[in-house]
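Observations on the model geometry
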Amino acid sequence: MTRTMIYGLKSVPLGKHPRSKLLDDQLTNRIAQFLRSKPNLRATENALNCAIATSTGLVRDQNQDAALFVKAHYGSGNERDFNLAIVCDGLGGMKHGAEASILGLSTFVSTVIRFPRLPMEDRILKGMSEANDRIFQAFRGDGGTTLSAIAIGRNGVVSVCHVGDSRIYAIGDHYVRQLTHDDTLQGALQRNASVHDEAGQRDTRLLQFVGMGADLEAHLFKLTGGDIKNYLLTSDGAHDIPVNYMQRVALSARNNSDLARKLVQLSEILGGLDNATAIAVPASLTEATDAPTEGMDLSLMSAFGQLTIWIPQPTDEKRSVPPTGVSPPRNEVLNSATPDPASP
């Protein structure tokens, strides 16, 4: 059953105000709390032809994947609306893989949200950097995650940011194309045109991951135009299947919910050796029929439910400085006094 929760959050200005860090953490923590709700071994959620499916698999005791779909509507004009899909795969060989994937995803999303004046490619790159720093500070190298994200704007521009061996695919009427390269030794060899992958030779050791600290180099690129119908994001448990199986499922699926669910089920049929997660989303934004009259509406969807957040008029619409945090939810006891703006 879908669980929908609604919170009201208020943005505050960026600066040295003593409460700014606390208020920023409230949005990150609220998203993290939502992502920790994993009551089932397998789950699927869908809305408006956007779908997320995940499975713990048949071998692992814990699902260390985290995935989220975010739809942002601005009351000041829908030209700034965007969709954001993210998948993170916590590193199973580390003690804090599950915590790292949730911390990385929630930090990434809250960072993208609170800098609306920046170009989207800058926002997602900043989100990746913030996620890397937060995970490293929390676990000091004993926790890490992959992170693959795609942001779809109202202007038709699509921004992609990627680290690790989760993947993003483009799906057309007659093709499935992998857009990202794995940050593994095998992936590095495949990027070298002079090296040919030989059957049976696979080296999936990661060259980099979110949470490694210094020297992280995220892959960032933009897409425009084309005949892409949908985008597919997967953790390695969902795409570590024969290529022809992936193509047949993607091209024959009735809709995105059918696609995500079948990929996860296929992973289990083939042994369920790892957590498997798939997100399938349309390549363009749908018209907002319930956009707010002011501020921003955020609709968040995981494989286990949906969360709605309303943020009143962002401070940066009145000032030249973007917001950095949120005040307590309206359904909790809170001070009516708004924090004084920080000094420049």
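Up top is the structure.
These numbers were taken from a predicted model, which means no experiment stands behind them. (Residues numbered from 1 in each chain as written. Predicted model: local features only at pLDDT ≥ 70, side-chain atom pairs only at ≥ 80, totals over all residues. Heavy atoms only, no water.)

Tracing the backbone through its elements, the reader meets asparagine 275 in the loop between α7 (256-269) and β13 (276-282). In this structure the side chain of asparagine 275 is engaged in a polar contact, spanning 2.8 Å, whose partner is the backbone oxygen of threonine 56. In terms of polar contacts, asparagine 275 uses its side chain to reach the backbone carbonyl oxygen of glutamine 62, at 3.1 Å. Beyond its immediate chain neighbours, meaning those up to four positions away, asparagine 275 contacts Ser55, Thr56, Arg60, Gln62, Asn63, Gln64, Asp65, Ser235, Gly237 and Ala238. (Helix = DSSP H or I, 4+ residues; strand = E, 2+ residues; numbered from the N terminus. Polar contact = N/O pair within 3.5 Å; in protein donor to acceptor, adjacent residues only side chain to side chain. Contact = heavy atoms within 4.5 Å.)

Of all hydrophobic cores here, the largest spans 41 residues; its most connected members are Leu68, Leu84, Ile86, Phe108, Val109 and Leu298. Top element by residues in this core is helix α2 (residues 97-113). It accounts for eight residues. When sequence neighbours within four positions are dropped, the list of residues in contact with leucine 84 reads Leu68, Phe69, Val70, Phe108, Val109, Val112, Ile150 and Ala151. Counting 25 residues, the second-largest nonpolar core is a separate cluster that includes Cys50, Val87, Ile152 and Val158. (Core = buried A, V, L, I, M, F, W, Y, C linked by side-chain atoms within 4.5 Å. Buried < 20%, exposed > 50% of the residue type's maximum accessible area, 1.4 Å probe, protein only.)

Turning next to the packing of aromatic side chains. Any two aromatic rings considered together are summarised by their centre-to-centre distance and by the angle between their planes. Taken as a whole and assessed by the stated rule, the structure comprises zero aromatic pairs. The cationic tip of arginine 80 hangs over the ring face of tyrosine 74; the distance from NZ or CZ to the ring centre is 4.2 Å. Over the face of the ring belonging to phenylalanine 115 we find lysine 126, whose NZ or CZ atom lies 5.1 Å from the ring centre. (Phe/Tyr/Trp six-rings, centres within 6.5 Å; stacked < 30°, edge-to-face > 60°. Lys NZ or Arg CZ within 6 Å of the ring centre and 35° of its normal.)

Let's shift gears to the packing of helix α6 (residues 243-252) against α7. In helix packing, the relevant descriptors are the interaxial angle and the interaxial distance, both defined with respect to the helix axes. Where α6 contacts α7, the axes come no closer than 9 Å and their chain directions differ by 150 degrees. Classified by the angle their axes make, α6 and α7 are roughly antiparallel. Our pair here, α6 against α7, has a crossing hand that is right-handed. Listed contacts from α7 to Tyr245, Met246, Val249 and Ala250 of α6 are Leu259, Lys262, Leu263 and Leu266. Of the residues belonging to the contact of α6 with α7, the class tally is seven nonpolar, no polar and one charged. (Axes fitted to C-alpha atoms, helices over the stretch in contact; angles between N-to-C directions. Parallel < 35°, antiparallel > 145°, perpendicular 65-115°, else oblique. Left-handed = near helix turned anticlockwise from the far one by under 90°. Nonpolar A, V, L, I, M, F, W, Y, C, P; charged D, E, K, R; others polar.)

Now for the sheet that holds strand β4 (residues 50-55). Sheet architecture is open: six strands sit in the order β3-β4-β13-β12-β9-β10, paired in antiparallel fashion. The outermost strands of the open sheet, each flanked by one partner alone, are β3 (42-47) and β10 (176-178). Pairs of neighbouring strands in the sheet enclose a mean axial angle of 15 degrees, with direction left out of account. In terms of strand pairing, β3 meets β4 through six bridges, oriented antiparallel. (Pairing = 2+ DSSP bridges.)

Looking now at the pairing of strand β12 (residues 230-234). Regular strands place their side chains on alternate faces of the sheet. Burial analysis of β12 places five of its five residues in the buried class, the great majority of the element. Two strands pair when backbone bridges link them, and strand β9 (residues 167-171) and β12 are joined in this way by five bridges, in the antiparallel orientation. Bridge pairing in β12 links isoleucine 168 to leucine 233. Relative to β13, β12 runs antiparallel, the two sharing five bridges.

Together, Leu58, Val59 and Leu273 give the surface a local cluster of nonpolar side chains, amounting to about 330 Å² of exposed area. If you trace the backbone, valine 59 turns up in the loop between β4 and β5 (65-74). (Patch = residues over 30% accessible without salt bridge, like charges linked within 9 Å, V, L, I, M, F, W, Y side chains within 5 Å. Areas by Shrake-Rupley, 256 points an atom, 1.4 Å probe, with all protein chains shown as cover. Salt bridge = Lys/Arg side-chain N within 4 Å of Asp/Glu carboxyl O.)

Side chains three or four residues apart in an α-helix point the same way, a direct result of the helix having 3.6 residues per turn. Counted at 1.5 Å a residue, the expected span for α7 with its 14 residues is 20 Å, and the 20 Å between its end C-alpha atoms agrees. Among the 14 residues of α7, 10 are classified as buried, and the element is accordingly described as predominantly covered. All of the buried residues in α7 are Asn256, Ser257, Asp258, Leu259, Ala260, Leu263, Val264, Leu266, Ser267 and Glu268. Its side-chain oxygen at 3.2 Å from the backbone nitrogen of serine 257, asparagine 255 defines the N-terminal cap of α7. Directly beyond the C-terminal end of α7, a positive phi value near 125 degrees is found at glycine 271. (Expected span 1.5 Å × (residues − 1).)

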